[in-house]
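What follows is each chain in one-letter form.
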Protein chains: 2
Amino acid sequence: MVSNITTPLSETIEIPVRSGLGFKLEKGQFLTVIDPKGGQVSDLLAYNAQDPKEVISSGRTLDYASRIFLTTPDPLYSNRSNVMLRIVEDTCGRHDFLLTPCSKDTFRIIYGDKEPHQGCFGNLAEALQPFGIDADCIPVAFNCFMNVRVDGETGELKVDPPTSKAGDRIVFRAEMDLIMGLTACSALQSNGGSFKPIHFRIDDHKR
Amino acid sequence: MVSNITTPLSETIEIPVRSGLGFKLEKGQFLTVIDPKGGQVSDLLAYNAQDPKEVISSGRTLDYASRIFLTTPDPLYSNRSNVMLRIVEDTCGRHDFLLTPCSKDTFRIIYGDKEPHQGCFGNLAEALQPFGIDADCIPVAFNCFMNVRVDGETGELKVDPPTSKAGDRIVFRAEMDLIMGLTACSALQSNGGSFKPIHFRIDDHKR
């Protein structure tokens, strides 16, 4: 909801239950995303701060990795095939890069909700709007701690509870100046049936 | 290369080897994509003709289908969760919706080419430019006949030769007025080691 345009260095910031934040991350800085209670997903988006039409791309990243599951030391590529971020530490080891942020439509179509929450999509749209980024420019997010299983034969996707335990973290190094979006995910299914906060920290040096 | 802004009805049009076309498809019309020789991939993109910021979305579509492999009667959703196209006929049954169109960078990064071809990405960018659609707005394409296998345990992606035989086709019904991009794919790996044309046809009624 709130957009922290300047984010204090090395302070742990809480993203409250079912909300999202936008912030800047400078080239060379480290972003640590922490699951403080375990079993909670955080959707991550990245845009080139100098030219936000350059955006994180699942299709490019998965193609170059030849894998759908990413971890250290995998790079996350942009739609222009530049490296935006690198995963430099990962105590969980299971994340998703197939699905778009949950939205009003997700809750309407998948959950049948009559008065659906705006979801990570709505939260990210609000958080990125002060940076001039339009909701239409929200692609597939890198979903930290999201546990999506794929049946290689049938192609069936199953969203299982995250395998992350309390305190698990994934650390990214920025390879360009970035505008970031980050959420504490709003979809029951992704989080094993409950909503929890997400913590993050920005450091100039890797701890 | 050429952009057929007006596309003759019910005439079979050839997309030459390693090229692409842009064209309009009206709500209710049927687009038939044919693999004339077998074993050839065709990348498909769709944009709302009235507002091209609305674009085909792999993340939305796979999430709502809960499957990575799509066939009849699956809908293809936009980034705004509207149905753009429905698959109404499919004689092949294996297509991909995970990977972005091959590009100069694909050939540089994956194939190590020194003077890389512009690929489906470059071909689509050229074909869509007359419609005011920017290269940065090319997302993950629906890759007709592309045979990407996923290992559910390791997450490994493997691009196998298409299973399509000569004459196989996939037919889509447009659920809104669309700007389409369509290619005869330029990546050796996707097409089992050779390049072939793609045929397509637009009909007012399903044949």
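Refer to the structure presented above.
A short tour of the structure in this document, coming up. Note that the structure is predicted; figures quoted are calculated from it, not measured. (Residues numbered from 1 in each chain as written. Chains lettered and ligands numbered in written order. Predicted model: local features only at pLDDT ≥ 70, side-chain atom pairs only at ≥ 80, totals over all residues. Heavy atoms only, no water.)

Let us look at the sheet that holds strand E4 (residues 42–48) of chain B. All names here are of chain B. Reading across from one edge, E2-E11-E4-E7 is the order of the four strands in this open sheet, with antiparallel pairing throughout. Each having just a single partner strand, strand E2 (20–25) and strand E7 (142–144) make up the two edges of the open sheet. Put simply, the sheet's adjacent strands are angled 25° from each other on average, direction ignored. Pairing between E4 and strand E11 (residues 178–183): five bridges, direction antiparallel. Opposite Leu45, over in E11, you have Gly181 as the bridge partner. (Pairing = 2+ DSSP bridges. Helix = DSSP H or I, 4+ residues; strand = E, 2+ residues; numbered from the N terminus. Axes fitted to C-alpha atoms, helices over the stretch in contact; angles between N-to-C directions.)

With that out of the way, let us pick up the packing of aromatic side chains. Under the definition given, this model contains 10 aromatic pairs over all chains. Where Phe97 of chain B meets Phe142 of chain B, the ring centres are 5.3 Å apart and the plane angle is 80°; that geometry is what we call edge-to-face. Residue Phe97 of chain B is located in the loop between strand E6 (83–90) and helix H2 (104–109), and its partner Phe142 of chain B is located in strand E7; the two are separated by 45 residues in the primary sequence. The residues Phe97 of chain B and Phe142 of chain B share a single accessibility class, namely buried. Ring plane angle 55° and centroid distance 5.4 Å describe the contact between Phe107 of chain B and Tyr111 of chain B, whose orientation is recorded as tilted. Put simply, the rings of Phe97, Phe142 and Phe172 of chain A touch in pairs and so form one group of aromatic residues. Its end group placed over the ring of Phe69 of chain A, Arg94 of chain A keeps NZ or CZ at 3.6 Å from the ring centre. The ring centre of Phe121 of chain A lies 5.1 Å from the NZ or CZ of Arg60 of chain B, which sits over that ring. (Phe/Tyr/Trp six-rings, centres within 6.5 Å; stacked < 30°, edge-to-face > 60°. Buried < 20%, exposed > 50% of the residue type's maximum accessible area, 1.4 Å probe, protein only. Lys NZ or Arg CZ within 6 Å of the ring centre and 35° of its normal.)

Contacts between chain A and chain B engage 38 residues on the former and 38 residues on the latter. When chain A packs against chain B, the two sides together hide about 3200 Å² of surface, and 51% of this comes from carbon and sulfur. Per-residue buried area on chain A facing chain B is highest for Arg60, Asp63 and Asp136 of chain A; these three make up 17% of the total on that side. Counting the contacts that link chain A with chain B gives four salt bridges. One salt bridge in this structure joins Arg80 of chain B and Asp136 of chain A, with 2.7 Å as the shortest N-O distance. Taken together, chain A and chain B are joined by 15 residue pairs in polar contact (both at pLDDT 80 or more). When contributions to the side of chain A that touches chain B are tallied by element, the ones reaching two or more residues are helix H1 (58–65) and helix H2 (104–109) of chain A. Here the element with the most residues in the side of chain A that touches chain B is H1 of chain A; it accounts for six residues. (Contact = heavy atoms within 4.5 Å. Buried area = accessible area lost by both parts, 1.4 Å probe. Salt bridge = Lys/Arg side-chain N within 4 Å of Asp/Glu carboxyl O. Polar contact = N/O pair within 3.5 Å; in protein donor to acceptor, adjacent residues only side chain to side chain.)

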